[in-house]
Amino acid sequence: MKIISQGAEAIIYLENDEIAKHRIKKNYRIEEIDIKKRKYPTRNEAKLLQKAKVLGVNVPDVKFVNEVTYKLTLSYIEGKLVRDSLDNLDEKELKKIFNEIGREVTKLHDADIIHGDLTTANFILNDSKIFIIDFGLGFISDKIEDKAVDLRVLSQALESKHSRISDLAFNEVLNAYQSSKNYDKVFERLGIVSLRGKYKRKKK
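Here the structure is a predicted model, which means the values were calculated and not measured.

Visitor: Requested: an account of the overall build of the chain, with residues and values cited.
Guide: Helix and strand counts for the chain stand at 5 helices and 10 strands. Principal axes of the C-alpha set define a box for the chain whose edges measure 45 × 40 × 35 Å. Evaluated residue by residue, the chain yields a buried proportion of 45% over its 204 residues. When contacts within the chain are restricted to residue pairs at least 6 apart in sequence, long-range pairs at least 24 apart make up 60% of them. Of the roughly 11,700 Å² of accessible surface on the chain, 50% is carried by carbon and sulfur atoms. In the chain, 39 positive and 32 negative side-chain charges are present, and the distance between their average locations comes to 5 Å.

Pasting the structure below:
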């Protein structure tokens, strides 16, 4: 067993060539609340991944869901996190990667799946394919606002972690997103969401 990462709510590790995500017990929480905080996210993440897979989104396969130990077992995706793959790439290569990201996010949103944490740490580059991982904050919604906010999270992540290429990268995401059935509405709302965020920062 090899631990890949450990967050506030879960440990992710490699076991028998599969990825296991184990939501850990919090002794400071009331038991009933702790169970709810671990059981629902485990079940929800599995359902989102299964729905996305059926609709052709590149995501890991769900191998097993254990609602007693709150453990989710997924197929292992070969490749590197996009976060760690951007150094020394030329403009053409960067555009290709972020166009693929835009295509995958478009498929998610057109299926009314909101990821909730679109950052370059949650995309894996596998040859020329992009896989989306970690749906722990995801949910189902057909609201234009939720889709716009999802894109805004990605925009902010790029500005924060990859400022040198953030404009080029996000523009390419939006270029691919134009194939969405809701593109005009989401793009308009994205502008409003972005302005709202800037206003809040100035107010502080």
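Visitor: Talk me through the pattern of salt bridges; I want residue IDs and the actual numbers.
Guide: Per the counting criterion, the structure on display carries 16 salt bridges. Among the salt bridges present, the one from Lys53 reaches Asp61, with a minimum N-O distance of 3.1 Å. For Lys53, a relative accessible area of 35% gives the class partly exposed. The partner of Asp112 in a salt bridge is Lys147, with the nearest N and O atoms 2.8 Å apart. On the criterion of sequence distance, the pair formed by Asp112 in the loop between helix H2 (91-110) and strand S7 (113-114) and Lys147 in helix H3 (residues 144-161) is long-range, its members being 35 residues apart. Since its relative accessible area comes to 22%, Asp112 is described here as partly exposed. With relative accessibility at 1%, the residue Lys147 sits in the buried group. When salt bridges that share partners are traced, they join Glu9, Arg29, Asp34 and Arg38 into one network.

Visitor: Tell me about the side chain of His109, and please be specific about residues and values.
Guide: By secondary structure assignment, the location of His109 is in helix H2. Of the polar contacts made by the side chain of His109, one reaches the side chain of Tyr177; its length is 2.8 Å. Those residues within four positions of His109 in sequence are excluded, and the remaining contacts are Ile114, Lys147, Asp150, Leu151 and Tyr177.

About the criteria used
Residues numbered from 1 in each chain as written. Predicted model: local features only at pLDDT ≥ 70, side-chain atom pairs only at ≥ 80, totals over all residues. Heavy atoms only, no water. Helix = DSSP H or I, 4+ residues; strand = E, 2+ residues; numbered from the N terminus. Buried < 20%, exposed > 50% of the residue type's maximum accessible area, 1.4 Å probe, protein only. Contact = heavy atoms within 4.5 Å. Areas by Shrake-Rupley, 256 points an atom, 1.4 Å probe, with all protein chains shown as cover. Lys, Arg positive; Asp, Glu negative; His and termini not counted. Charge placed at Lys NZ, Arg CZ, Asp CG, Glu CD. Salt bridge = Lys/Arg side-chain N within 4 Å of Asp/Glu carboxyl O. Polar contact = N/O pair within 3.5 Å; in protein donor to acceptor, adjacent residues only side chain to side chain.

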